[in-house]
Amino acid sequence: MFANRERRTTSILSTTPRRDPKCFTTLLKILMWTFLMVPFLTTILMILHLHGYTLRAAAVSSFVGMGMEDVDAWDADVVHIVNTRFMQHQASLPTLGRARFLLFAYFCFPSMAHQTSQNFLWIIRTDPNLDETLRNDMVELLRPYSNFFLVASNNNFLAGNGSLEGAWRDGIASAEVLRSSIYCGDVRLLRAARKFESEKIVLETRLDADDGLHVDYLKYVQESAVEKLQSHDTMSLKKPLKASWHYWCARRHIQWHVDENSVGELNKVEHSHFCITAGLTIGFAHGTSAGSVKLYPHDTLFKQVQKDGGCGMESNERCIELVSDIDIAAMRSRTVTSAGMMGVTLEGKIDGNRLKEFWEKLETGFKISLEEAKLVNSFILKNLEAIALENEMGQCTEGHSCKTKSKEKLLRMRDLAKYGAKLTPVAK
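Residue indices follow the written sequence of each chain, beginning from 1 at its first position. At least 70 in pLDDT is required for a residue's local features to be given in this predicted model, at least 80 for side-chain atom pairs to be given and counted, and no such filter applies to totals for whole chains, interfaces and linings, which use all residues. Side-chain numbers here rest on the full set of heavy atoms in the structure, without hydrogens or water.

**Quick word on the sheet that holds strand β7 (residues 245-250)**
As a general point, the strands of a sheet are linked pairwise by backbone hydrogen bonds and lie either parallel or antiparallel.
In step 1: The pairing criterion for strands is at least two bridges between them, as found by DSSP. Starting at the N terminus, helices and strands are each numbered in turn, a helix being any DSSP run of H or I of at least four residues and a strand any DSSP run of E of at least two. Reading across from one edge, β4-β3-β2-β1-β5-β10-β7-β11 is the order of the eight strands in this open sheet, with mixed pairing throughout. Two strands bound the open sheet, and with one partner strand each, they are β4 (181-184) and β11 (320-323). The sheet shows a mean angle of 25° between the axes of neighbouring strands, direction not considered.
In step 2: In the sheet, β7 pairs with strand β10 (residues 281-284) via four bridges, with the strands oriented antiparallel. Fitted lines through C-alpha atoms serve as axes, helices being fitted only where they are in contact, and the angles separating the N-to-C directions of these axes extend from 0 to 180 degrees.

**Focus: the state of the cysteines**
In step 1: A pair of sulfur atoms, both from cysteines and within 2.5 Å, is called a disulfide here. Under the counting rule described, the total for this entry stands at two disulfides.
In step 2: One disulfide in the model links C311 with C319; its S-S distance is 2.1 Å. Residues C311 and C319 are joined through a disulfide that is left-handed, its torsion about the S-S bond being -80°. In terms of burial, C311 and C319 fall into one category: buried. For every residue, the accessible area (1.4 Å probe, protein chains only) is compared with the maximum for its type, and the residue is labelled buried under 20%, exposed over 50%, or partly exposed between those bounds.

**Topic: the packing of helix α5 (residues 172-179) against helix α6 (residues 187-196)**
In step 1: Look at α5 against α6: their axes get within 10 Å of each other, and the N-to-C directions meet at 155°. When the axes of α5 and α6 are compared, the pair comes out roughly antiparallel. For the element pair α5 and α6, the recorded crossing hand is left-handed. Taken together, the residues of α6 that come into contact with α5 (itself represented by S174, A175, V177 and L178) are V187, L190, R191 and R194.
In step 2: In this classification, the charged set is Asp, Glu, Lys and Arg, the nonpolar set is Ala, Val, Leu, Ile, Met, Phe, Trp, Tyr, Cys and Pro, and all remaining amino acids, among them Gly, are polar. Along the lines of polarity and charge, the residues of the contact of α5 with α6 split into five nonpolar, one polar and two charged. Note that the term roughly parallel is reserved for angles under 35 degrees, roughly antiparallel for angles over 145, roughly perpendicular for angles of 65 to 115, and oblique for everything else. Whether a crossing is left-handed or right-handed is set by the direction in which the near helix is turned from the far one by less than a right angle, anticlockwise for left-handed and clockwise for right-handed. Whether two residues are in contact is decided by their heavy atoms: any pair within 4.5 Å suffices.

**Observations concerning the nonpolar core**
In step 1: Among buried residues, the Ala, Val, Leu, Ile, Met, Phe, Trp, Tyr and Cys ones that are joined through side-chain atoms within 4.5 Å form a nonpolar core. By size, the foremost hydrophobic cluster in this structure holds 107 residues, and its most contacted members are W122, W168 and W256.
In step 2: It is helix α3 (residues 94-113) that provides the largest number of residues to this core, a total of 12 residues.
In step 3: Non-local contacts of W122, meaning those with residues more than four positions away in its chain, are made with V82, T84, F104, C108, F109, M112, L142, N147, F148, F149 and L207.

**A look at the pattern of salt bridges**
In step 1: What counts as a salt bridge is simple: a side-chain nitrogen of Lys or Arg found within 4 Å of a carboxyl oxygen of Asp or Glu. Tallying each qualifying case throughout the model produces 13 salt bridges.
In step 2: Across the pair R98 and D137 runs a salt bridge whose closest N-O atoms are separated by 2.9 Å. With R98 in helix α3 and D137 in helix α4 (residues 132-142), this pair connects stretches of sequence that are 39 residues apart.
In step 3: Relative accessible area serves as the criterion here: at 22%, D137 is assigned to the partly exposed category.
In step 4: For E270, the salt bridge goes to R252, with nearest N and O atoms at 3.7 Å. Separated by 18 residues along the polypeptide, E270 in strand β9 (residues 265-270) and R252 in strand β8 (residues 252-257) bring together distant segments of the chain.
In step 5: Residue E270 is classed as partly exposed on the basis of its relative accessible area of 48%.
In step 6: The class for R252 is buried, based on a relative accessible area of 12%.
In step 7: Connected through shared salt-bridge partners, R252, E270, D327 and K361 make up one network.

This is the structure we're talking about:
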């Protein structure tokens, strides 16, 4: 059989074909049409590709006034970085991870996607070994926004609780990000932010993955920073005195608690001498190095800054601001998924007459849907025992507080779920 095929092949190759004029003319026409169509088809494909890229980048098409291909300019007055961590050192806790993803997707993400200023880079660091399905869900959610980045990293440079020295200012944090695997986001924006950090005011905001910010919060902080901090335009001695650094914190926030009520419960909290982590921001003026600014834990930050000062203003009180211009500046999820378990027990809930009003504030100011809150509440209630157990297991992983009280509270909540007791009794 193979011998016959070999003879046939030799015969075909060695036989001189007859020249058919009709076949030759047809072949010539095909070649001419192909030659004419190639540029046209190429143009169509390029348009479709660019259109798809434009759709993915639509959220930041006007980002700092520069084209997506241009990293030689940074027209915004500030380089603003928002830092979030998700399941770091806790990759093997699937039910906890899914619950935290729902909180991120339905509470945290909408508030960031609708910020009235999109002149910021949102860097979400997650365990490099995070479950692939969970990671893909994160990427799918974040991918349409070129200034939102999911980064494989267990390191942190978080304002108010940084586990590593350094910041975006001075290039330490940016170098770490660019060395890591980046699952989504336009890396050119990261490189541009790294390139121009020494020439601009730099802001670094902390946001936990289960919290949210009012849609005007980042814009307010950016405008305030331009007013308060030294820049190229304010270095002259003729200009009014401005600070070399400054802190911002949210004064008022809403807490959301899982509850037997299908949508959960809310309570309002206001602080006069305390900084919560949600929205905690440090600003570095032009020429101010990160190492020259004292860092404090968030729970002592406000009092310490007012005591120590050092920002260059005549009054220490002017070194830090509890943002009051926004009625409710932040929202926090206080559930069995929380790492520190602080404030998880519901106290002082909003009464029924005002509950509708505060849900409207969350819907308009944070873009949090009532129906999606019900989904999160339902998932956590149904999986409470597993979530509490996994959170207790993750308490002492690297980068977490490993507090005995937190572990004990989680085990009690696990037992409550196991035996069908009420989840969040109101403290007397």
